[in-house]
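Working through the structure, step by step
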Amino acid sequence: MTPEQLQPEHAPTAGHPLPRSPADLFWSFSAMALQGFGGVMAVAQNELVERRRWMTREEFIGDWAVAQVLPGPNMVNLSLMMGDRCFGLRGALAAMAGMLTFPSMLVLLLAALYSSVGSIPEVQGALRGMGAVIVSLIAVNAVKLAGALNSNAMGLVVCWVLAVVAFVAVALLRLPLLWALLLLGGLGWAWAWRQLGQAKSLKAAS
Amino acid sequence: MSAVLALNDVFSLFLHCLSLSLLAVGGGMTVIPEFHRYLVGEQAWLSDAQFTSSVALAQAAPGPNVLFVALLGWNAGFNGGGYALALLCAVVSMLGLLIPSTTLTLAITRWMHRNRELRIIQAFKQGMAPLVVALLFAAAVLLGSAYSNPASDRALWVLGAIAFVLLWKTKIHLLWMLGAGAVLGAMGWV
């Protein structure tokens, strides 16, 4: 099967660009992974949504939620989902290999050097400076993804109440992530289910 | 630390990673305590310091944080017999940790994608959206709070603020920002 034949069934949605081939996926995910100092998610959002436009903000939020709830590393799950939708199993493996191959080679190499390099003040300073840039990127992403809440079926007020409670629970009270996901996520799921049902019956009535 | 790792030890490392895979809900970092109990406590293949520095290095290096598992395997193998065993243990640990979760993720997300018009699935994605946003804000605050000493971290916050504005308002590539951060940091200016 050619990618073209696969597209209609596997494409996330029509109307925006998609990776050209599994090789394209592999190199794109490699590039993202190698920029991800302190976690790749923020870089992935920047690349997939803002630069390459392979996903909309809404699609990214939805997929990230799924990737986070399923067992396994979040970024690996997201790579699998994206690759699988575009090119089936080949795409999934290509994206995952991109996420892991070069970074794991690099980290093992660093481990071999770390005892000598890790204590150099310049290296520690460089990591500190890059860390500050990544924190800013995460904050920018949070602001940008918050814009996607405008079109959420739960309504803006409910969304922000859930978001603020989740923020307080995780960032200030330091509650385990799993509990926040189960409790607040469960609440959101139930409320969204209700709202979507009402929207549907309104549509049917009119 | 002098114990030599036999092949059946490598196999039990693989089995242990397999058994942890599906418990890693919410990211690879959630299984750190269990890895610590097994590798440092039960088997004594790693020292406490090696364990901690493996996790720290994987977080500092680019790439998904889950690579700390490869590093733990690498160090355990290296302690037990040298570079070849280190490589074998790194690969075996990653495969063990990834095979079950990867299979499950593919199965579930394929089913979800086929049924993406179902109300229950749309509701899941929409209902979780505020949490995704909140967790990002939380991540920024938690990571940023490591630099909360006003005396030594003021320049770093200025760098962070400039990066925030540039990343938000311009199309400047992230690599330039990372490079600038690295140079300023290495010079000791931030």
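Residues numbered from 1 in each chain as written. Chains lettered and ligands numbered in written order. Predicted model: local features only at pLDDT ≥ 70, side-chain atom pairs only at ≥ 80, totals over all residues.

It is worth spelling out the overall build of chain A at this point. A tally of regular secondary structure across chain A gives eight helices and zero strands. Helices and strands appear in chain A in the N-to-C order α-α-α-α-α-α-α-α. Based on the C-alpha atoms only, the size of chain A along its principal axes is roughly 70 × 50 × 25 Å. Scored against the burial criterion, the 206 residues of chain A give a buried share of 51%. (Helix = DSSP H or I, 4+ residues; strand = E, 2+ residues; numbered from the N terminus. Buried ≥ 20, exposed ≤ 12 C-beta atoms within 10 Å, placed from the backbone.)

Take the overall build of chain B next. The helix and strand tally for chain B stands at eight helices and zero strands. In sequence order, chain B lays out its α and β elements as α-α-α-α-α-α-α-α. Taken over the C-alpha trace, chain B has a radius of gyration of 21 Å; the compact-globule value for 190 residues is 16 Å, which it surpasses by more than 25%. Along the first, second and third principal axes, the C-alpha atoms of chain B reach 55 × 55 × 25 Å. Looking at chain B alone, contacts between residues at least 24 apart form 53% of all its contacts between residues at least 6 apart. (Rg over C-alpha atoms; globule rule 2.2 N^0.38 Å. Contact = placed C-beta atoms within 7 Å.)

As a further point, take the interface of chain B and chain A. Note on interface size: it is often stated as the accessible area lost on association of the parts. Taken together, the 78 residues of chain B in the interface contact 83 residues of chain A. Sorting the residues of the side of chain B that touches chain A by element identifies helix H3 (48–60), helix H4 (68–81), helix H5 (83–114), helix H6 (119–144), helix H7 (150–169) and helix H8 (174–186) of chain B as the ones contributing at least two each. In terms of residue count, H6(B) provides more of the side of chain B that touches chain A than any other element does, 25 residues in total. For the side of chain B that touches chain A, the residue count by class is 55 nonpolar, 20 polar and three charged. (Nonpolar A, V, L, I, M, F, W, Y, C, P; charged D, E, K, R; others polar.)

Attention now goes to the packing of helix H6 (residues 121–146) of chain A against H8(B). Contact pair H6(A) / H8(B): the axes reach a minimum separation of 6 Å and the direction vectors enclose 140 degrees. Taken together, the axes of H6(A) and H8(B) are oblique relative to one another. Seen along the crossing, H6(A) lies across H8(B) with a hand that is right-handed. Each of A:Glu122, A:Gly125, A:Ala126, A:Leu127, A:Arg128, A:Gly129, A:Met130, A:Ala132, A:Val133 and A:Leu137 in H6(A) lies in contact with H8(B), whose residues at this interface are B:Leu174, B:Met177, B:Leu178, B:Gly181, B:Ala182, B:Leu184, B:Gly185 and B:Ala186. (Axes fitted to C-alpha atoms, helices over the stretch in contact; angles between N-to-C directions. Parallel < 35°, antiparallel > 145°, perpendicular 65-115°, else oblique. Left-handed = near helix turned anticlockwise from the far one by under 90°.)

A:Ala166, B:Val132 and B:Val133 are the most contacted members of the largest nonpolar core, which totals 127 residues. Ranked by the residues each element gives to this core, the list is headed by helix H5 (residues 74–117) of chain A, at 17 residues. In contact with B:Val133, not counting residues within four places along its chain, are A:Ala142, A:Leu145, A:Ala146, A:Leu149 and A:Ala163. (Core = buried A, V, L, I, M, F, W, Y, C linked by C-beta atoms within 7 Å.)

This brings us to helix H8 (residues 177–205) of chain A. What sets the pattern is the α-helix's 3.6 residues per turn: residues three or four places apart point alike. The end-to-end C-alpha distance of H8(A), which contains 29 residues, comes to 41 Å, matching closely the 42 Å that a straight helix rising 1.5 Å per residue would cover. The sharpest bend along H8(A) comes to roughly 25 degrees, located at A:Gly185. Here H8(A) has its buried residues at A:Leu177, A:Ala180, A:Leu181, A:Leu184, A:Gly185, A:Gly188 and A:Ala192. Check the buried side of H8(A) and you find it contacts helix H4 (57–69) and helix H7 (156–172) of chain A together with H6 of chain B. (Expected span 1.5 Å × (residues − 1). Bend = angle between axes of the 7 residues up to and from the residue.)

Of note, the phi angle at A:Arg53 is positive, near 60 degrees, even though the residue is not glycine. Tracing the backbone through its elements, the reader meets A:Arg53 in the loop between helix H3 (41–51) and H4. Unlike most non-glycine residues, B:Ala44 shows phi in positive territory, near 55 degrees. Along the chain, B:Ala44 turns up in the loop between helix H2 (32–42) and H3.

Time to look at the environment of A:Gly36. Mapping A:Gly36 onto the fold places it in the loop between helix H2 (22–35) and H3. Taking the number of C-beta atoms within 10 Å as the measure of exposure, A:Gly36 has 26 and is therefore buried. Each C-alpha atom, one on A:Gly36 and one on A:Arg90, is 24 Å from the other, the two residues being 54 residues apart in sequence. When neighbours within four sequence positions are excluded, A:Gly36 is seen to be in contact with A:Val43, B:Pro62 and B:Gly63.

Taking 1.5 Å per residue as the helical rise, H7(A) with its 17 residues ought to reach 24 Å, and the 23 Å between its terminal C-alpha atoms agrees with that figure. Where H7(A) is buried, its residues meet H8 of chain A together with H6 of chain B. Immediately beyond the C-terminal end of H7(A), within one or two residues, lies A:Arg174, with a positive phi of roughly 55 degrees.

So, about the confidence of the model for chain A. Mean pLDDT over chain A stands at 88; residues scoring 70 or higher make up 91%. Within chain A, the lowest mean pLDDT, 43, falls on helix H1 (residues 3–10) of chain A, and the highest, 96, falls on H2(A). (pLDDT = per-residue confidence, 0-100.)

Do not read the predicted coordinates in detail wherever pLDDT is low. Across chain B, the average pLDDT comes to 89, with 97% of residues at or above 70. Interface confidence for the predicted complex, expressed as ipTM, amounts to 0.87; the pTM equals 0.85.

Here we come to the packing of H2(B) against H3(B). Residue and element names in this part refer to chain B. As a packed pair, H2 and H3 sit with axes 10 Å apart at the nearest point and diverge in direction by 150 degrees. Crossing handedness for the pair H2 and H3: right-handed. Here Ile32, His36, Leu39 and Val40 of H2 come into contact with H3, specifically with Asp48, Phe51 and Val55. Taken together, the residues of the contact of H2 with H3 sort by class into five nonpolar, one polar and one charged.

Residues and elements named next belong to chain A. Structurally, Ser28 can be placed in helix H2. In the structure, Ser28 is positioned 162 residues away from Ala190 in sequence and 36 Å away in space, judged by C-alpha atoms. With sequence-adjacent residues up to four places away left out, Ser28 is seen in contact with Pro19 and Gly98.

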